[in-house]
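Commentary on secondary and tertiary structure
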Amino acid sequence: MFGFLKQVGDYSREAAAAARGITQGLAVTFDHMRRRPVTVQYPYEKLIPSERYRGRIHFEFDKCIACEVCVRVCPINLPVVDWVMNKETRKKQLKNYSIDFGVCIFCGNCVEYCPTNCLSMTEEYELAAFDRHSLNFDNVALGRLPTSVTMDPSVQPLRELAYLPKGAMDPHGVPDEARRAGRLPQDVVTDPSATRQHQ
Ligand code: SF4
Ligand code: SF4
């Protein structure tokens, strides 16, 4: 008899605990409904890529010396450097340069090792095409100025977490003039109190 009563008591306690748990869970769920969604509403809102973002490669034809270092350091020897030896000047003359972005892995090795800085990474990440052959960019396509999220009037640019002011977690509603957390090296150097500490 007592065993049965204990079972009933345990069951009621567990049922009450379960109901409490469900109520707490629902309270958290309903509380989240009141908060602003963290969704970035692409394509009307876009995150600004970080300063080291490895997007589409930009190429400057005039600076290239056709050394082919970019080809050698590329994991798949991807850049195609088409040059001829100019017998008069005894210098290499670049005829064409191309990178097939359908094959590129955007590692940035070519940009890192180019001795004349004629390669650079842009913040362009919207490279989708219907025909993969159109992803093979020649030197004209590679030299095109990159699109920028911040220059597009139809887009609301939003900052990534690392670029938000101190304490901010949501990029929505952050004023443009608000600086990212932390100080720049030049601010630290020009700060008299920091200089005094240093002395
Ligand atoms: S490394 Fe730079 S300079 Fe040399 S071939 Fe490649 S793009 Fe041209
Ligand atoms: S980003 Fe990497 S994979 Fe693409 S061309 Fe440069 S070195 Fe090659």
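Residues numbered from 1 in each chain as written. Chains lettered and ligands numbered in written order. Predicted model: local features only at pLDDT ≥ 70, side-chain atom pairs only at ≥ 80, totals over all residues. Heavy atoms only, no water.

By the naming in an unreviewed UniProt entry, the chain goes by NAD(P)H-quinone oxidoreductase subunit I and is assigned to Candidatus Synechococcus spongiarum SP3. Regarding the chain, the relevant UniProt record gives this comment under Sequence similarities (unreviewed entry): "Belongs to the complex I 23 kDa subunit family." (UniProt positions renumbered as here; feature names shortened; annotations may be inferred.)

Right, let's get into the pattern of salt bridges. With the rule as written, the count across this model stands at ten salt bridges. With its nearest N and O atoms 2.5 Å apart, the salt bridge here joins R34 to D31. Taken as a pair, R34 and D31 lie in helix 1 (residues 2–34) at a separation of three residues, close to a single helical turn. Taking the relative accessible area as the measure of exposure, D31 reaches 25% and is therefore partly exposed. A single network of salt bridges, built from pairs that share partners, joins K6, D10 and R13. (Salt bridge = Lys/Arg side-chain N within 4 Å of Asp/Glu carboxyl O. Helix = DSSP H or I, 4+ residues; strand = E, 2+ residues; numbered from the N terminus. Buried < 20%, exposed > 50% of the residue type's maximum accessible area, 1.4 Å probe, protein only.)

Next up on the list: the packing of aromatic side chains. Summed over all chains, the structure comprises five aromatic pairs. Between F59 and F61, the ring centres sit 6.4 Å apart and the planes meet at 90 degrees, which makes this aromatic pair edge-to-face. Here F59 falls in the buried class, since its relative accessible area comes to 2%. For the pair F101 and F137, a centre-to-centre distance of 5.0 Å together with 85 degrees between the ring planes defines the contact as edge-to-face. Of this pair, F101 sits in the loop between strand 4 (91–100) and helix 3 (109–113) while F137 sits in strand 6 (residues 136–137); the two residues are 36 residues apart in sequence, bridging distant segments of the chain. Grouping residues by exposure puts F101 and F137 together as buried. Among the aromatic side chains, those forming a connected cluster through ring pairs are F59, F61 and Y97. Its guanidinium or amino end placed over the ring of W83, K92 lies 4.5 Å from that ring's centre, counting from NZ or CZ. (Phe/Tyr/Trp six-rings, centres within 6.5 Å; stacked < 30°, edge-to-face > 60°. Lys NZ or Arg CZ within 6 Å of the ring centre and 35° of its normal.)

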